[in-house]
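# Architecture at a glance
Single-letter residue listing:
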Amino acid sequence: MKSVIGISLGASAQDFEFRTTVLGQPLRVRRIGTEGDEAVAARRLAYWDRRAAAIGIGAGPDARSVGASIGGSRLAATLKHAPWTSGERLAEIYLEWALRHVQADGRYFDNALVLFLSGIANRKLAAAMAEYTPNLFFADPLLQLGVPKLLTSLDALSLYATGSHYVADWMPKRLPSTALLERWNDHVLRQAMKKASVVVAPVHELDRFGTDELAGKTIVTATVNDARLAAFRDKGVAMIVDASPVVQGHVLGHELLDAMILAATGKAPGSLYDDDYLELIQTLDARPRILYPNGYQRKNRFAFVIHPLSQEYFKKVKPIEMLSKVSPPLLMDSLEKAMAYAPPFVYSKIEGIKSPTGVEAEGWLISVGGTPREIMSHPPEFTYRRLLAAAEMARKLGAQIMGLGAFTKVVGDAGATVARRAPLPITTGNSYSASGALWAAHDALLRLKLIAPPQGHERVKFKAMVVGATGAIGSVCARLLVRAAEEVTLVSPETAKLLALQESILRETPDAKIVLCAKADTHVAEMDMIVTATSGAGKKVLDIMKVKPGCVITDVARPLDLSPEDVAKRPDVLVIESGEIQLPGEVKMKHIGLPPGVAYACLAETIVLALEGRFENFTVGRAIEWEKVREIYKLGLKHGMKLAAISGVNGVITERDIARVRRLALAARKRMAEESPRTVPAATRRAAPAAAAETPPPAAPARKAKAVPRPKRAEPAAAPAKAKVDRLGRRSNGAGRRPRPVPAA
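First things first, this report covers the structure right here in the doc.

## Considerations on the overall build of the chain
- The helix and strand inventory of the chain stands at 24 helices and 30 strands.
- Scored against the burial criterion, the 745 residues of the chain give a buried share of 50%.
- Relative to all contacts within the chain whose residues are 6 or more apart in sequence, the contacts with residues 24 or more apart total 67%.
- On the chain, roughly 35000 Å² of surface is accessible, and the fraction owed to carbon and sulfur atoms is 54%.

Now the structure itself:
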């Protein structure tokens, strides 16, 4: 039986011995640690020089490579007979294999911030990592030359490796004391580790770092034994990518595994081919390991673009707040124009989002300065440039997907151009906005209890209207509503697009009942539900005074289509501001005009995609696929998203508010029924809600109804006596006049 020996400068407490068979050759494998003492290691090598079939020389404290033992050349010089290896080539294979395995399993490294303690020792791994993220940082100048700077690209690393980099220019003109410089270098390295999401380093190099630097990190390393795994657990490490396999319960360094191959094949060092490695790896089933010291953890990153909706936002900014109180409107108008040219900035970091699946997410709200008026007054390219600047900022922060909010997703081709040019995936959030709008409207309808509940799978007996039906969100709302409502009215001034939308919907849902009109007021009095999804930027899109009492209006537009003043005119109508989403976890972020932990649906879509690891262009352009609306809804439920308390222009709508709307709506409908006798023509009855809506909801003294001419028609020969007094107590006042109400007792 051949003996395979691993001589390591590491701790002897990790020593082991076992027997196995590799490629039909029985082997006795033994690891010997020498506690960092090269003299002891040299004596062990001399002893095993004539006794071992192959020797692997392990890493010492000064080695910077993750897997290979490149510092063992001095020790190897003492060997005369036994073949030896540092496992350098095998380490490269395992590290790259581990990296690609993890990436394929969940795209962990997309746009990750990756810190290499040594890029020179891991150039092949760095090149593989660069396929997934450009955010690479190398600490070679800091650890090798004592220069407190990092290399930030593969090109810089290549120049540094050839001695051509201007790293010497980074040295201060007057060198501080050695102790001070060492402390400063240590500070720079620790700060770099805090900012990184992935750290690539030899396992022993991480011993001196604690929770502040390693908590929540992904570590790419090798030879993680039980003791070090426990230490990483205490330091809060989220995931370990260990490129060393386990054979018969022991973690094998690459130098020892490579020595086993030399002994089994009888080949000389340097003569092994990749086929030899492939055969051994498959025979032993020796795979790299993915370890979770504190249970399954994953934290993905996102960014979301916001912008001020009006000048009122600037009045909340501290330097401008006092000035705005005494400034004339002209100055605020000038400020609004100037802010449209301001570079993007991080308004808030979002933390604490945690899915029931265990996945966490963190992100950044990045603000661009243009209000809707300024955005729409410039050509699309103006806004594209600012969004691409925001995307570059998001990339540098490590975001893996970016969402577009409010008017930034309306401009031009609704995100398509930005998605083509941006360095990371883009979504407009319109799929979840549509889903959230209908989710909220459905919930509100059920809570009002003014329509009959559905029976089985039949359509619900209510009429719905979509204002702005040819827009991105409006069109998908229409496609979903025709599957649930008895009749859907589509409203848009774009006649040709409206006709094309109807054809498209009928191909998908042939039995849908659709009514088209250019203005909402034509049929608004008949609607039980109205969804407004325009880009009107404050223009009046419907007359709320003509709306049916008890109607649910979901205002998806930003800025809102309905002003607070309009909403106040109709207390018998429920107006909600689309469907905001309650995020899972203990969410921390700056105020965005919503209750704590609540986000707009477009922001929630970005977060859902981040939690799911779907780093792709999801909702882009004006054509939203209703299948994606359904998919994002299901993904939201999977990750703990809930419909937040329905909000209106005055804040959260409570059960008491809904009960009041129901009571007033029923009272208004009763008055309308009393004031519209059966003999009034249909056209007159349709107009009645508008007049009735102007009547204040509280009960008022009975008033005399105006006479309405009755259409001429043949009178019946004789009327029963009881017809002179109707069921409401009103007495007939003649054949051609309306009944006069009886005075209240």
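This is not the end of the story, as more comes after the structure.
## Some words on the nonpolar core
- Counting 52 residues, the largest nonpolar core has V4, V114, F116, L252, L257 and M260 as its most contacted members.
- Top element by residues in this core is helix α10 (residues 254-265). It accounts for 8 residues.
- If we skip the residues at most four places from it in the chain, M260 touches V4, T20, V22, L27, V29 and L252.
- One finds L448, V466, W626 and I653 within the second-largest nonpolar core, a separate group that totals 45 residues.

## Comments concerning the packing of helix α17 (residues 430-448) against helix α21 (residues 601-612)
- Look at α17 against α21: their axes get within 7 Å of each other, and the N-to-C directions meet at 120°. If you check the angle between α17 and α21, you find them oblique. Of the two elements, α17 crosses α21, and the hand of that crossing is right-handed. Contacts from N430, S431, Y432 and S433 in α17 reach A601, C602, A604, E605 and V608 in α21.
- Counted by class, the contact of α17 with α21 contains 5 nonpolar, 3 polar and 1 charged residues.

## Regarding the sheet that holds strand β28 (residues 642-643)
- Spatially, β27-β25-β28 is the arrangement adopted by the 3 strands of the open sheet, whose pairing is antiparallel. Both outer strands of the open sheet, β27 (598-599) and β28, are each paired with one neighbouring strand and no more.
- Two strands pair when backbone bridges link them, and strand β25 (residues 581-582) and β28 are joined in this way by 2 bridges, in the antiparallel orientation. Paired with Q582 across the two strands is K642, which belongs to β28.

## Focus on the environment of A414
- Of note, A414 is situated in the loop between β17 (402-404) and α16 (416-421).
- Measuring from C-alpha to C-alpha, the distance between A414 and T428 comes to 7.5 Å, with 14 residues separating the pair along the chain.
- Non-local contacts of A414, meaning those with residues more than four positions away in its chain, are made with K409, T428, V620, G621 and R622.

## Side note on the sheet that holds strand β7 (residues 136-138)
- Strand order across the open sheet formed by 6 strands is β7-β6-β8-β9-β10-β13, with mixed pairing between neighbours. Strands at the two margins of the open sheet, each flanked by one partner only, are β7 and β13 (289-291). Shown here is a sheet whose adjacent strand axes are inclined to one another by a mean of 15°, direction ignored.
- In the packing of helix α3 (residues 88-106) onto the sheet, contacts are made with β9 (218-221), β10 (239-242) and β13, and the angle to β10 comes to roughly 140°.

## So, the packing of aromatic side chains
- For the structure on display, the rule yields 7 aromatic pairs.
- Relative to F18, the ring of F16 has its centre 6.0 Å away and its plane inclined at 25°; by these criteria the two rings are stacked. Like F16, the residue F18 is buried in the burial classification.
- Taking 5.2 Å as the distance between ring centres and 55° as the angle between the ring planes, the aromatic pair formed by Y292 and Y296 counts as tilted.
- Taking NZ or CZ as reference, R298 lies 4.0 Å from the ring centre of Y108, over its face.
- Against the face of Y347 rests K590, its NZ or CZ located 5.2 Å from the ring centre.

Rules of the game
Residues numbered from 1 in each chain as written. Predicted model: local features only at pLDDT ≥ 70, side-chain atom pairs only at ≥ 80, totals over all residues. Heavy atoms only, no water. Helix = DSSP H or I, 4+ residues; strand = E, 2+ residues; numbered from the N terminus. Buried < 20%, exposed > 50% of the residue type's maximum accessible area, 1.4 Å probe, protein only. Contact = heavy atoms within 4.5 Å. Areas by Shrake-Rupley, 256 points an atom, 1.4 Å probe, with all protein chains shown as cover. Core = buried A, V, L, I, M, F, W, Y, C linked by side-chain atoms within 4.5 Å. Axes fitted to C-alpha atoms, helices over the stretch in contact; angles between N-to-C directions. Parallel < 35°, antiparallel > 145°, perpendicular 65-115°, else oblique. Left-handed = near helix turned anticlockwise from the far one by under 90°. Nonpolar A, V, L, I, M, F, W, Y, C, P; charged D, E, K, R; others polar. Pairing = 2+ DSSP bridges. Phe/Tyr/Trp six-rings, centres within 6.5 Å; stacked < 30°, edge-to-face > 60°. Lys NZ or Arg CZ within 6 Å of the ring centre and 35° of its normal.

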